[in-house]
Amino acid sequence: MAALLEPAFLNGLYATSNPSASFRVRRTPLKRHSRPIIILQPRPPPHPISTSTSCSCSSGSTSPPLSPAEDDGGPQSSASETNAPADRARDRRKAVRVAWEKLVRWSRSWRSKAKTDVLERTDKVVVLGGGSFGTAMAAHIASRKAQMEVQMLVRDPVVCRSINDNHCNHKYFPDHKLPKNVVATTDAQTALLKADYCLHAVPVQFSSAFLEGIASYVDPALPFISLSKGLELNTLRMMSQIIPQALRNPRQPFIALSGPSFALELMNKLPTAMVVATKDKKLANAAQQLLASSYLRINTSSDVTGVEIAGALKNVLAIAAGIVDGMHLGNNSMAALVAQGCSEIRWLATKMGAKPATITGLSGTGDIMLTCFVNLSRNRTVGVRLGSGEKLDDILGSMNQVAEGVSTAGAVIALAQKYNVKMPVLTAVARIIDNELTPKKAVYELMNLPQVEEV
């Protein structure tokens, strides 16, 4: 006769304190004329727990639960079953240890093969700009090699004297001493003479005019490492386009440096990771050798467009994140807004030829998280104050550093129109900055957009 699994009986057996218990099959003899029932009996745990569960069979008879002593299927347990959890935990720890040891061996092997000839050959680096990040990078490179000369080209004579006389940039880092091989000048020809590398740290909106003024002193083979993030407002150009065009040299070697990096933490030598992007693989490796240290990791990329677009648009998204915080809209709103903003950046960047992996990497998601969620961000601070009801002119007038997202917002919308990409969050930021929309109205409009499929 066909076997029957009685649900009432099984319910009692499944309510065991050991969810991982295995089951034995046992046939229970019943009264005459009743159908045989197949009972799934759980194996006892290492420390059996007594139960008093009873069950009703289909024939109406009642049988007590089987005790381990009544089980004729074999021994209750074995030493291997008792020790199985401990063995599995030991095997797991061993696997983790082996994986870590392999990683350490690979790292040592890689470091032993790593070249340092670029750093050894470099005698002079020039940093264009005396702002916070330019100063932090000047200090970092100078600390890599005491014999290297690091010249900072600054426009403020007071900052110049502060660096040369007191070894500090009193405007941005009054409590941090700069290495003695960092010197400052206001003379472009002196700064650029015989430089091996140039770090460009001038704000994007001023870069073209500045570079045109010093173009005659720039060696056509001098590699430019751009620290500036943003888009030129009227032309929509990135720094990879601005620098060679302003210098009238389409072959000027160019490298974009980007990633989650606050100048203050770099000055304090806290662990940081960034990306250098260039089409020239040898140049990327050279920049990596020049910049990488025990507290600064440098990855390389060939996706210049992706790195630059992500670095520019994350500033606009940070303003939006600040507005949410300033309006006290909560964590749910913040997470939703930043996720939407990341998608918008990806949509535009990939339309422009960027790789999606770049947008989810250090220069994309990494930089977005840092700028949107941390109070040290200038762009986020602008957003917080806008969300709190302050006027943009008052906010910018009280700041001694440039928030690139303010000027980049309009350029982002122009690019979105050019590439036919819908960007509701970043468009809302641009309209708030242009004083065409209040933060409260922008939130209302965004929340009332059509409900759509996740993309």
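No experiment lies behind these values; they were computed from the predicted model shown.

On to the pairing of strand β10 (residues 254–258), then. Judged by how many residues are buried, β10 sits mostly within the fold: five of five residues are covered. Covered by surrounding structure in β10 are F254, A256 and S258 together with I255 and L257, the residues of both alternating faces. With three bridges joining them, strand β9 (residues 224–226) and β10 adopt parallel strand pairing. Bridging from a neighbouring strand, F224 pairs with F254 of β10. For the handedness criterion, the β-α-β arrangement of β9, helix α8 (residues 239–246) and β10 is classed as right-handed. Two strands pair when backbone bridges link them, and β10 and strand β11 (residues 272–277) are joined in this way by three bridges, in the antiparallel orientation.

The volume enclosed by the largest pocket comes to roughly 1,400 Å³. A per-element tally of the lining of the largest pocket places helix α7 (residues 204–214) first, with four residues. Residue classes in the lining of the largest pocket are distributed as 24 nonpolar, 16 polar and eight charged.

Turning next to the nonpolar core. Soluble globular proteins tend to bury their nonpolar side chains together. Counting 48 residues, the largest nonpolar core has L231, L313, L317 and L426 as its most contacted members. Those elements that provide at least two residues to this core are α11 (304–326), α12 (331–351), α14 (362–373), α15 (378–387), α16 (392–397), α17 (404–418) and α18 (424–433). Among the elements that make up this core, the one with the highest residue count is α11 (12 residues). For L317, the residues in contact, after removing those within four places along its chain, are L337, V338, G341, C342, I345, I368, C372, V425 and L426.

About the criteria used
- Just so you know, the residues in each chain are numbered from 1, in the order the chain's sequence is written.
- With the structure being a predicted model, the display of local features is reserved for residues of pLDDT at least 70 and the display and counting of side-chain atom pairs for 80 or more, all residues being used for whole-chain, interface and lining totals.
- Only hydrogens and water are removed before side-chain values are computed, so all heavy atoms of the structure are retained for them.
- Relative accessibility thresholds used throughout: buried, under 20% of the residue-type maximum; exposed, over 50%; partly exposed, between the two (1.4 Å probe, protein chains only).
- In this text, helices come from DSSP runs of H or I with a minimum length of four residues, and strands from runs of E with a minimum of two, each type numbered from the N-terminal end.
- Paired strands, in this sense, are two strands between which DSSP finds at least two bridges.
- Place the viewer so that the strands point away; then a crossover is right-handed whenever the path from the first strand over the helix to the second strand goes clockwise.
- Cavities and pockets were defined on a 1 Å grid built over protein atoms only: a cavity is a set of grid points that admits a 1.4 Å probe from which the probe cannot escape, a pocket is an open set flanked by protein on both sides within 12 Å along at least five of seven lines, and lining residues are those with an atom within 4 Å of any such point.
- Grid points are joined across faces, edges and corners, and a volume is the space filled by probe spheres set on the points.
- Side-chain classes are defined by residue name, with Ala, Val, Leu, Ile, Met, Phe, Trp, Tyr, Cys and Pro counting as nonpolar, Asp, Glu, Lys and Arg as charged, and the others, Gly among them, as polar.
- Take the buried residues of types Ala, Val, Leu, Ile, Met, Phe, Trp, Tyr and Cys, join any two whose side-chain atoms come within 4.5 Å, and each joined set is a nonpolar core.
- Any two residues whose heavy atoms approach within 4.5 Å are treated as being in contact.

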